[in-house]
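What follows is each chain in one-letter form.
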Amino acid sequence: MTAYLITGAKIVGGEVADLLIDNGEIVAVGTGLTAAGRGGAGDGSGGAATGGPADVTTIDATGLIALPGLVDLHTHLREPGREDAETVLTGTRAAALGGFTAVFAMANTDPVADTAGVVEQVWRLGREAGYADVFPIGAVTVGRQGTQLAELGAMADSAARVRVFSDDGDCVWDAALMRRALEYVKAFGGTIAQHAQEPRLTKGAQMNEGALSGVLGLTGWPSVAEEAIIARDILLNHHVGSKLHICHLSTKGSVDIVRAAKKRGLEVTAEVTPHHLLLTEDLASSYNPVFKVNPPLRTKEDVEAVREGLADGTIDIVATDHAPHPVEDKDCEWSAAAFGMLGLETALSVVQHAMVDTKLLTWADVADRMSYRPAAIGQISDHGQPLVAGAPANVVLVDPAAQRVIVSAESASLSRNTPFDGMTLPGKVVATFLRGEPTVLDGKAAK
């Protein structure tokens, strides 16, 4: 295995230091490092090594920011069943190009990931692809039908060691069933990730409910459909004493509910997507289905609220909800189009634009919201670790000064449904390392 000496990087946007990577680990972090690891210690995080690798490639990271490999708790890889939209290989390649070293694959595949056999298949496909570690999310209910609990224990005991369960794309709307799910996973420390959408309030819904939906003649999707489920499930989880995670929170009311719950000491974690941090319902005026997503794009007030919630820690993490669709599922009239947007390759740039460049987050905060915390929620110990000597060498180098125009045709995904097509966004992933092996070098996939 080739060793890498990364010189002059700003560690999580702070002090400049070098990193020596060898044999899957960060061997040393400090200043003036050589191939042998000798140099001054930086931030108390590393020091001199005794001896070093013979074959070392040096990467000049002057002006670049070194972050721990990003972790996405909410990705749709579509395999098995919809390989026309995405495969584990293409999805994880896109993830690596976005700076991710680990992704959690949602269960809405075909067949649904509701058995040990299916989650193990997805897990093994991830190991074969090699661009990012893939951790399958198991379905909460059989077939994601919301009537009977799936084989939660069998998936937890499988080779995939599933610890997060979700019917994402559908809500576990039955309160009694949701309570049983929370009780069941408590036995092995699992988490239920809820897609908060009261289906009886969103039947036929196409976009955010408000004045604009009336003008456009599209059935509205009320904020309360999300907020009611979040409030209910926080109370259920408090009663049970389990672990609850809220997927793709999108409204000011939802932020207020989660903030109030945390102030009361109630256990809940929550995520926001990059697109809900930046885009608003006004884009629906184009009737371009690339802007159709679940939950829908909301108002400017909602965008400001989720940004504030992410900044103050009410919202724990950023998760992409990367949802690829083939052309025929998006290139049609709005009402017939599928919900969903691409997100893996643009997530870090959107977060930089919406949160870092606006001074709402520091790069150290980005490491927290996009690496440390999602890894902790997903219970994966080999990811989301600080860049210190002895840690797994999951590292991403980012050029924060770069500007790039997003071109959908250049996406590594099999699909092209990015809402950011034609936009100029800041930041570019220059290199990604997964356990010391480069998956991206010079901004291009290394395999």
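Look up a bit, the structure's there.
Please read these numbers as outputs of a predicted model, since none were measured by experiment. (Residues numbered from 1 in each chain as written. Predicted model: local features only at pLDDT ≥ 70, side-chain atom pairs only at ≥ 80, totals over all residues. Heavy atoms only, no water.)

A. Just the overall build of the protein chain, in detail. In terms of helices and strands, the protein chain carries 12 helices and 20 strands. On C-alpha atoms alone, the protein chain measures out to a radius of gyration of 21 Å, which is about the 22 Å that the 2.2 N^0.38 rule sets for 447 residues. A total of 447 residues make up the protein chain; the buried ones form 61% of that total. Only carbon and sulfur atoms are counted for the fraction: they give 50% of the accessible area of the protein chain, which is about 16200 Å². Here the protein chain contributes 36 positively and 55 negatively charged side chains, and the mean placements of these two sets differ by 3 Å. (Helix = DSSP H or I, 4+ residues; strand = E, 2+ residues; numbered from the N terminus. Rg over C-alpha atoms; globule rule 2.2 N^0.38 Å. Buried < 20%, exposed > 50% of the residue type's maximum accessible area, 1.4 Å probe, protein only. Areas by Shrake-Rupley, 256 points an atom, 1.4 Å probe, with all protein chains shown as cover. Lys, Arg positive; Asp, Glu negative; His and termini not counted. Charge placed at Lys NZ, Arg CZ, Asp CG, Glu CD.)

B. Structural detail: the sheet that holds strand E14 (residues 244-246). Pairing is parallel across the open sheet formed by 5 strands, whose spatial order is E10-E11-E14-E15-E16. One side of each edge strand has no neighbouring strand; the edge strands of this open sheet are strand E10 (164-165) and strand E16 (317-318). Relative to strand E11 (residues 191-194), E10 runs parallel, the two sharing 2 bridges. Note on E11: the bridge partner recorded for Val-164 is Thr-191. (Pairing = 2+ DSSP bridges.)

C. A look at the nonpolar core. Leu-67, Phe-165, Leu-277, Leu-348 and Met-370 are the most contacted members of the largest nonpolar core, which has 77 residues in total. For this core, the leading source of residues is helix H11 (residues 347-356), giving 6 residues. Each of domain 1 (3-66 + 389-445) and domain 2 (69-378) gives at least three residues to this core. Sequence-distant contacts of Phe-165, defined by excluding residues within four places in its chain, comprise Ile-137, Gly-138, Ala-139, Val-140, Leu-152, Met-155, Ala-156, Val-185, Phe-188, Thr-191, Ile-192 and Ala-193. Of all hydrophobic cores here, the second largest spans 20 residues; its members include Leu-19, Ile-59, Ala-66 and Val-395. (Core = buried A, V, L, I, M, F, W, Y, C linked by side-chain atoms within 4.5 Å. Domains from an automatic or database assignment. Contact = heavy atoms within 4.5 Å.)

D. Expanded view of the pairing of strand E15 (residues 269-272). Judged by which residues are buried, E15 turns out to be covered on both faces: Thr-269 and Glu-271 on one side and Ala-270 and Val-272 on the other are all buried. Of the crossover connections in this fold, the one passing from E14 over helix H7 (residues 252-263) to the parallel E15 is right-handed. In this structure, E15 lies alongside E16, joined through 2 bridges in parallel fashion. Paired with Glu-271 across the bridge in E16 is Ile-317. (Right-handed = clockwise from strand over helix to strand, strands pointing away.)

E. View of the packing of H11 against helix H12 (residues 363-378). The interhelical angle for the contact between H11 and H12, taken along N-to-C directions, is 130°, at an axis separation of 11 Å. On the basis of the axis angle, H11 is oblique to H12. Seen along the crossing, H11 lies across H12 with a hand that is right-handed. In this structure, H11 contributes Ala-347, Leu-348, Val-351, Gln-352 and Val-356 to the contact, and H12 contributes Trp-363, Val-366 and Met-370. (Axes fitted to C-alpha atoms, helices over the stretch in contact; angles between N-to-C directions. Parallel < 35°, antiparallel > 145°, perpendicular 65-115°, else oblique. Left-handed = near helix turned anticlockwise from the far one by under 90°.)

F. The arrangement of the pairing of strand E6 (residues 65-68) in detail. In E6, alternate side chains face the same way, and those of Ile-65 and Leu-67 on one face and Ala-66 and Pro-68 on the other are all buried. As paired elements, strand E1 (residues 3-11) and E6 share 2 bridges and run parallel to each other. Residue pairing in the sheet places Lys-10 in a bridge with Ile-65 of E6. Summarising the sheet, E6 and strand E17 (residues 395-405) pair through 4 bridges and their orientation is antiparallel. Looking at E17, one finds that Leu-67 is bridged to Val-396.

G. Highlighting the packing of helix H6 (residues 223-240) against H7. Where H6 meets H7, the closest approach of the two axes is 9 Å, and the angle between their N-to-C directions is 15°. Relative to H7, H6 is oriented roughly parallel. In this structure, H6 meets H7 at a crossing whose hand is right-handed. For the pair H6 and H7, contact is made by Glu-226, Glu-227, Ile-230, Ala-231 and Ile-234 and by Gly-253, Ser-254, Ile-257, Val-258 and Ala-261, respectively.

H. Just the pattern of salt bridges, in detail. Under the definition given, this model contains 16 salt bridges. The salt bridge partner of Glu-183 is Arg-179, with a shortest N-O separation of 3.0 Å. Within this pair, Glu-183 and its partner Arg-179 are both found in helix H4 (residues 175-186), separated by 4 residues, close to a single helical turn. By relative accessible area, Arg-179 is classed as partly exposed at 35%. Each of Lys-262, Asp-316, Asp-368, Arg-369 and Arg-373 takes part in salt bridges that share partners, so that together they form one network. (Salt bridge = Lys/Arg side-chain N within 4 Å of Asp/Glu carboxyl O.)

I. Spatial organisation of the state of the cysteines. In this structure the tally under the stated criterion is 0 disulfides. Cys-171 forms no disulfide, and the closest cysteine sulfur to it belongs to Cys-247, at a distance of 10 Å. (Disulfide = S-S within 2.5 Å.)

J. Here's a closer look at helix H9 (residues 300-312). Compared with the 18 Å implied by 1.5 Å per residue over 13 residues, the 18 Å span of H9 between its first and last C-alpha is a close match. Among all positions of H9, only Asp-302, Val-303, Ala-305, Val-306, Arg-307, Gly-309 and Leu-310 are buried. In this structure, the buried side of H9 is in contact with H7, E15, helix H8 (274-278), E16, H11 and H12. Gly-313 sits one or two residues past H9 and shows a positive phi near 90°. (Expected span 1.5 Å × (residues − 1).)

K. Expanded view of the environment of Arg-200. Inspection of the secondary structure assignment puts Arg-200 in the loop between E11 and strand E12 (207-208). Sequence separation of Arg-200 and Trp-173 is 27 residues, and the distance between their C-alpha atoms is 9.4 Å. Here the side chain of Arg-200 touches Glu-198 through a polar contact of 2.8 Å, side chain to side chain. (Polar contact = N/O pair within 3.5 Å; in protein donor to acceptor, adjacent residues only side chain to side chain.)

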